[in-house]
Amino acid sequence: MKMNTHQVKRSCQYLLAAVMLSATPITAAEPTPLIEFKDGFPMELEKETRAANYNELFRGGDPSAYFNMRVSEFFPTAILPSRQGVMPLGSKPMPEVGKVKVEMTSESKLKGPISLDDFMEKSPTAQGFLVVHKGNIVYEKYPRMRAEDHHVWMSCAKPIASLVIDQLISEGKIDQNAPITKYLPDFKGTPWDGVTTRDVMDMATGMDLEDTSESRLDPNNVARRVYESEFGFPNETRGVEKLRDVLRSTPKREEPGKAFHYASGLTQMLVILAEEVEGERWHQIFDRRVWSKVGAEGALQLHMTPDGIVAAHGLVSSNLRDFARFGMLYTPSWNKIAVEQVVSDEIMDRIHNEVRSHEFMMAGFDGPVFADYLGSNDFIANSRQWDIVWPDGDIWKGGLMTQGLYVSPSRDLVIVYFNVSQFDHSGHRFARAIATSGLFDDKKATPKAK
């Protein structure tokens, strides 16, 4: 599908909004209760979404609800079918999961400890919540969407990029401790010299590429220029730039490994790296290596720039069960939803045992942010595009507007959820509470991370 100039410009505005939003004051009318959109959207909202500006699209209001469910209407999209046919999940309902309570964040209108059941009923922005244990669905609710609906993963998609790179590392095609410029020769002689693939995987590059509220409105900021260049949107001072050129121009901030600096541009570096090593487009690589092995219920949607670069840092859509199936690839029950083990024991060992320090994590802008989202900082650090690794081996990745992917390998447990909430991130707090509630501890969990 080709896009005209207006559509390309519009697409740029949509994604740039995601990185600019937190720095921009917002006033808005009360959003429509999402329950009214469960069976579809009125034409008026479709028109409003196409005309929406940055703030309107990503503030968690009505246009956000439409966009989150219909990203493929705004971007060229690679469709990855279910090549294996459906490998169904089992069903063993556990009503006690819905009784788990957590404290809300200070921004929430819901006060006091509240149960998951009450949250799903009373939160106006909760779309769906799914818990899968040993291949069986034990909790599943869709108060404001349909089970078959596609919803964007946002930054929960980032591990799909690191998984491909980890496979290439295991095959000896990439040395994670070698400079990334070994594989990207056009980056040689730039500040990227000395930055390793592992540094990029852990967002530990020391490059001045971090998505921060202070820099998102600065047209000279590389993080902003990354998003603009991805979609051909003209920069205020430089005009239209190419993504690769922008990434090459990134200045050095500090030596690698000193602090966690969250940057979606680093995920795109992994996409470029995989394409360079394999000599094919990333969506084809991911299909061949990962998704073609999965017995999904629906198609996976990978949303792309007009020239075919998958925005693996966030623009991926599926139904909630297939989102959980991706998480299950990291559990002992992978064989219940896939015909081949695509996340090897070696990859899991790297995620758990090559994790950096808590001090490294908290030294960056987003370490304290994630601690606030989760309601505690009892984690170790991030690892290989996952936001959090806990001492018991559990891992978590969050996304814009409170999407979440939580995996507990030792408990054989996956928790996924969709929301349309930009300011109240209370929905993140249930996953860890459910995992550590004792409901899924067949035996005492053995620590996986060091």
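This write-up is about the structure you can find in this document. Chains are numbered independently. Their residues run from 1 in the order of the written sequence. Totals for whole chains, interfaces and linings use all residues, but because this is a predicted model, local features are given only for residues with pLDDT of at least 70 and pairs of side-chain atoms are given and counted only at 80 or more. With hydrogens and water excluded, all non-hydrogen atoms of the structure serve as input to the side-chain values.

1. With respect to the overall build of the protein chain
Now for step 1: For the protein chain, the helix and strand inventory stands at 16 helices and 14 strands.
Now for step 2: Exposure is judged per residue with a 1.4 Å probe applied to protein chains only, and the accessible area is read against the type maximum: over 50% gives exposed, under 20% gives buried, and values in between give partly exposed. For the protein chain, buried positions account for 62% of its 450 residues.
Now for step 3: By sequence separation, contacts in the protein chain at least 24 residues apart represent 69% of the contacts at least 6 residues apart.
Now for step 4: Per-residue and other accessible areas follow the Shrake-Rupley method at a 1.4 Å probe size, with only the shown protein chains counted as cover for residues. Accessible surface, the protein chain as shown: approximately 16600 Å² in total, 50% of it carbon and sulfur. Secondary structure elements follow DSSP: runs of H or I of four or more residues count as helices, runs of E of two or more count as strands, with numbering from the N terminus. Residues are treated as being in contact if the distance between any of their heavy atoms lies within 4.5 Å.

2. With respect to the pattern of salt bridges
Now for step 1: The working definition used for a salt bridge is a side-chain nitrogen of Lys or Arg within 4 Å of a carboxyl oxygen of Asp or Glu. Per the counting criterion, the structure on display carries 41 salt bridges.
Now for step 2: In this structure, K99 engages D117 in a salt bridge whose closest nitrogen and oxygen atoms are separated by 3.7 Å. In this pair, K99 sits in the loop between β2 (90-91) and β3 (101-102) while D117 sits in helix α5 (residues 116-122), placing the two residues 18 residues apart along the sequence.
Now for step 3: For the salt bridge of E210 with R253, the shortest nitrogen-to-oxygen distance reads 2.8 Å. Placement of E210 in the loop between α7 (197-201) and α8 (222-230) and of R253 in the loop between α9 (243-248) and α10 (264-278) is noted, with a sequence separation of 43 residues between them.
Now for step 4: E210 gets classed as buried once you look at its relative accessible area, which sits at 5%.
Now for step 5: Exposure remark for R253: the relative accessible area of 43% places this residue in the partly exposed category.
Now for step 6: One network of salt bridges, with partners in common, ties together E171, K173, E278, E280, R288 and R289.

3. Considerations on the sheet that holds strand β12 (residues 395-399)
Now for step 1: When DSSP finds two or more bridges between two strands, those strands count as paired. Spatially, β2-β6-β5-β14-β13-β12-β11-β10 is the arrangement adopted by the eight strands of the open sheet, whose pairing is mixed. Of all strands in the sheet, those bounded by a partner on one side alone are β2 and β10 (381-383).
Now for step 2: Helix axes are fitted only over the stretch in contact, all axes being lines through C-alpha atoms; the angle between N-to-C directions runs from 0 to 180 degrees. Contacts from helix α12 (residues 320-328) reach β5 (126-133), β6 (136-141), β13 (403-408) and β14 (413-419) within the one sheet, and its direction differs from that of β14 by about 140°.

4. Quick look at empty space enclosed by the protein
Now for step 1: Whether a set of points on the 1 Å grid over the protein atoms alone is a cavity depends on a 1.4 Å probe fitting there but being unable to get out, while an open set qualifies as a pocket with protein on both sides within 12 Å along at least five of seven lines; lining residues are those with an atom within 4 Å of a point. Grid points are joined across faces, edges and corners, and a volume is the space filled by probe spheres set on the points. Using the criterion set out here, one finds one cavity of 30 Å³ or more in the structure.
Now for step 2: Along the walls of the largest cavity sit F119, M120, A126, G128, F129, Y417, F418, N419 and G427, which together make up its complete lining.
Now for step 3: Mapped by element, the contributors of at least two residues to the lining of the largest cavity are α5, β5 and β14.
Now for step 4: Nonpolar residues are Ala, Val, Leu, Ile, Met, Phe, Trp, Tyr, Cys and Pro. Charged residues are Asp, Glu, Lys and Arg, and all others, Gly as well, are polar. Of the residues in the lining of the largest cavity, the class split is six nonpolar, three polar and no charged.

5. Focus: the packing of α10 against helix α11 (residues 282-289)
Now for step 1: Following both chains from N to C, one finds α10 and α11 inclined at 80°, their axes separated by 9 Å at the closest point. Accordingly, the angle class assigned to the pair α10 and α11 is roughly perpendicular. Side by side, α10 and α11 meet where V271, A274, E275 and E278 of the first sit next to W282, I285, R288 and R289 of the second.
Now for step 2: The residue makeup of the contact of α10 with α11, split by class, is four nonpolar, no polar and four charged. Orientation labels follow simple angle bins: below 35 degrees gives roughly parallel, above 145 gives roughly antiparallel, 65 to 115 gives roughly perpendicular, and whatever is left gives oblique.

6. Quick look at the sheet that holds strand β9 (residues 316-318)
Now for step 1: Strand order in the open sheet formed by four strands is β1-β8-β9-β7, and the pairing between neighbours is antiparallel. Two strands bound the open sheet, and with one partner strand each, they are β1 (77-80) and β7 (151-152).
Now for step 2: Strand direction decides the pairing type here: β7 and β9, joined by two bridges, are antiparallel. Paired with V152 across the two strands is S317, which belongs to β9.

7. A short note on the side chain of R432
Now for step 1: On the secondary structure map, R432 appears in helix α16 (residues 429-435).
Now for step 2: The class of R432 is buried, set by a relative accessible area of 16%.
Now for step 3: Polar contact is the term for a pair of N or O atoms within 3.5 Å; when the atoms are in protein, one must be able to donate a hydrogen and the other to accept it, and sequence-neighboring residues count only if both atoms are side-chain atoms. A distance of 2.9 Å separates the side chain of R432 from the side chain of Y406, its partner in a polar contact.
Now for step 4: Sequence-distant contacts of R432, that is, excluding residues within four places in its chain, are made with D378, W390, D392, D394 and Y406.

8. Concerning the packing of aromatic side chains
Now for step 1: Here a Phe, Tyr or Trp ring, Trp counted by its six-membered ring, pairs with any other such ring whose centre lies within 6.5 Å, and the pair is stacked when the planes are under 30 degrees apart, edge-to-face when over 60, and tilted otherwise. For the structure shown, the criterion picks out 21 aromatic pairs.
Now for step 2: Here F260 and Y262 contribute two aromatic rings whose centre-to-centre distance is 6.1 Å and whose plane-to-plane angle is 85°, an arrangement assigned as edge-to-face. Both residues of the pair, F260 and Y262, belong to the buried class.
Now for step 3: Charge-over-ring contacts are defined here by two conditions on Lys NZ or Arg CZ: a distance within 6 Å of the ring centre and an angle within 35 degrees of the ring normal. Positioned above the aromatic ring of F74, the side-chain terminus of R50 is 4.7 Å from the ring centre.
Now for step 4: The positively charged end of R356 is found above the aromatic ring belonging to F360, 5.5 Å away from the centroid.

9. Structural notes on the packing of helix α6 (residues 158-170) against helix α13 (residues 345-353)
Now for step 1: As a packed pair, α6 and α13 sit with axes 10 Å apart at the nearest point and diverge in direction by 115°. Judged by the inter-axis angle, α6 sits roughly perpendicular to α13. Considering only the axes of α6 and α13, their crossing is right-handed. Note on element contacts: α13 touches α6 through E346, I347 and R350, opposite L163, D166, Q167, I169 and S170. Should the near helix be turned counterclockwise from the far one by less than a right angle, the crossing is left-handed, whereas a clockwise turn marks it as right-handed.

10. Details of the nonpolar core
A general tendency of soluble globular proteins is for nonpolar side chains to be buried together.
Now for step 1: Nine residue types can take part in a nonpolar core, namely buried Ala, Val, Leu, Ile, Met, Phe, Trp, Tyr and Cys, and a core is a set of them joined through side-chain atoms within 4.5 Å. Residues F286 and Y330 are the most contacted members of the largest nonpolar core, which totals 141 residues.
Now for step 2: For Y330, the contacting residues outside a window of four places in its chain are P159, L163, V343, M348, I351, W386, I395, V407 and P409.

11. As for unusual backbone geometry
Now for step 1: Positioned with a positive phi, R384 is a non-glycine residue whose angle comes to about 55°.
Now for step 2: By secondary structure assignment, the location of R384 is in the loop between β10 and β11 (386-389).
Now for step 3: On the basis of relative accessibility, which here comes to 1%, the residue R384 falls in the buried class.
Now for step 4: The phi torsion at Q385 lies on the positive side, around 80°, for a residue other than glycine.
Now for step 5: When you line up the elements, Q385 lands in the loop between β10 and β11.

12. Looking at the pairing of β14
Now for step 1: Judged by how many residues are buried, β14 sits mostly within the fold: seven of seven residues are covered.
Now for step 2: Burial along β14 is two-sided: the residues L413, I415, Y417 and N419 and V414, V416 and F418 are all buried.
Now for step 3: Looking at chain direction, β5 and β14 are connected through seven bridges and run antiparallel. Within β14, the position partnered with V132 by the bridge is V414.
Now for step 4: Pairing of β13 with β14, which is carried by five bridges, proceeds in the antiparallel orientation. Within β14, the residue paired with G404 across the bridge is Y417.
Now for step 5: As consecutive antiparallel partners, β13 and β14 are separated by four residues, and within that stretch D412 has a phi angle of approximately 55°, a positive value.

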